[in-house]
Amino acid sequence: MGEEKALCRLPESELDLMLTVWGRGGEASAPEIGEALGRPLTASALHSYLKRLEEKGFLSCRKEGKVNVYTALVTEEDYRGREGGAVLNKLYGGSLKTFAAALWDGGKLSRDEVSELQNYLEALIREGP
C-alpha cells in the first residue's frame, strides 16, 4: 500500500499526524486531526504538515463540503515494520540480540517482559516460516 516515495522516515511532527489518522481508523478530517493532537497548532501549520504527507504519499485528501478529509495510504503496520527494521539495522547492526541486550542493560525490560518475549520467540519457532 502507498507509493515508493512513501518509504521515507517521517519527522516526529508528521508522525504525530499519521498516528492520529491511524488512530481514527485510517481517515480523519483536518479539524479532527487538529483537535486530537493535544497540542496547539495553527490551521496554517496543520495544513502545511498534511500537504507534505500528501506529497510523500502517506495521505490522500478529498473535500467534503468545506472540510478536507484525509485517508491514510500507508498502514500503521507497514510503517512500523519499515521503521523497526531500519532502526534495528542502523543502530544495532541488524542484531535483535544486541537490541534486546541494550534494553535489558538500560533497565527498559522487566523479567516479565523478557519472559513474554521468550514465549513469543518460541511460538514463532514452533509455527515456522
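Thresholds applied
Residues numbered from 1 in each chain as written. Predicted model: local features only at pLDDT ≥ 70, side-chain atom pairs only at ≥ 80, totals over all residues. Heavy atoms only, no water. Helix = DSSP H or I, 4+ residues; strand = E, 2+ residues; numbered from the N terminus. Rg over C-alpha atoms; globule rule 2.2 N^0.38 Å. Contact = heavy atoms within 4.5 Å. Areas by Shrake-Rupley, 256 points an atom, 1.4 Å probe, with all protein chains shown as cover. Lys, Arg positive; Asp, Glu negative; His and termini not counted. Charge placed at Lys NZ, Arg CZ, Asp CG, Glu CD. Core = buried A, V, L, I, M, F, W, Y, C linked by side-chain atoms within 4.5 Å. Buried < 20%, exposed > 50% of the residue type's maximum accessible area, 1.4 Å probe, protein only. Expected span 1.5 Å × (residues − 1). Arc of directions from axis to C-beta. Axes fitted to C-alpha atoms, helices over the stretch in contact; angles between N-to-C directions. Parallel < 35°, antiparallel > 145°, perpendicular 65-115°, else oblique. Nonpolar A, V, L, I, M, F, W, Y, C, P; charged D, E, K, R; others polar. Patch = residues over 30% accessible without salt bridge, like charges linked within 9 Å, V, L, I, M, F, W, Y side chains within 5 Å. Salt bridge = Lys/Arg side-chain N within 4 Å of Asp/Glu carboxyl O. Pairing = 2+ DSSP bridges. Phe/Tyr/Trp six-rings, centres within 6.5 Å; stacked < 30°, edge-to-face > 60°.

(A) Quick look at the overall build of the protein. Summing up its helical and strand segments, the protein has six helices and three strands in all. For 129 residues, the compact-globule estimate of 2.2 N^0.38 gives 14 Å, and the protein exceeds it by more than 25% at 18 Å. If you line up the protein on its principal axes, its C-alpha atoms span 50 × 30 × 25 Å. Taking the intrachain contacts of the protein between residues at least 6 apart in sequence as the baseline, contacts between residues at least 24 apart amount to 54%. Carbon and sulfur atoms form 54% of the exposed surface of the protein, whose accessible area is close to 8700 Å². Of note, the protein has its 17 positive side-chain charges centred 5 Å away from the centre of its 21 negative side-chain charges.

(B) Focus on the nonpolar core. Core analysis: the largest hydrophobic core is formed by 19 residues, its most contacted members being Leu 17, Met 18, Ile 33 and Leu 50. Elements with a contribution of two residues or more to this core: α1 (12–23), α2 (30–36), α3 (43–55) and β3 (67–72). Apart from residues no more than four positions distant in its own chain, Leu 17 is found in contact with Ile 33, Leu 37, Leu 46, Tyr 49, Leu 50 and Leu 53.

(C) Broad picture of α3. Compared with the 18 Å implied by 1.5 Å per residue over 13 residues, the 18 Å span of α3 between its first and last C-alpha is a close match. What α3 keeps buried is the set Leu 46, Tyr 49, Leu 50 and Leu 53. Here the buried residues of α3 occupy an arc of 95° about the axis, which is enough to place them on one side. Buried residues along α3 sit against α1, α2, β2 (59–64) and β3. Directly beyond the C-terminal end of α3, a positive phi value near 85° is found at Gly 57.

(D) Focus on the packing of α1 against α3. For the pair α1 and α3, interaxial distance at closest approach is 10 Å and the crossing angle is 85°. Regarding the angle of α1 to α3, the classification is roughly perpendicular. Between α1 and α3, the contacting residues are Ser 13, Glu 14, Leu 17 and Met 18 on the first element and Leu 46, Tyr 49, Leu 50, Arg 52 and Leu 53 on the second. Residues of the contact of α1 with α3, tallied by class, amount to six nonpolar, one polar and two charged.

(E) Summary view of a nonpolar patch on the surface. On the surface, Leu 96, Leu 117, Tyr 120, Leu 121 and Leu 124 cluster together into a nonpolar patch covering about 440 Å² of accessible area. For the nonpolar patch, the element with the most residues is helix α6 (residues 111–127), which contributes four residues. When you line up the elements, Leu 117 lands in helix α6.

(F) A look at the pairing of β3. With three bridges connecting them, strand β1 (residues 27–29) and β3 associate as antiparallel partners. When the bridges of β3 are listed, Ser 29 appears paired with Val 69. The sheet contact formed by β2 and β3 spans six bridges and is antiparallel. Looking at β3, one finds that Leu 59 is bridged to Ala 72.

(G) Expanded view of the packing of aromatic side chains. Using the criterion set out here, one finds two aromatic pairs in the structure. Here the aromatic residues Trp 22, Phe 58 and Tyr 79 are joined through ring pairs into a cluster of three or more.

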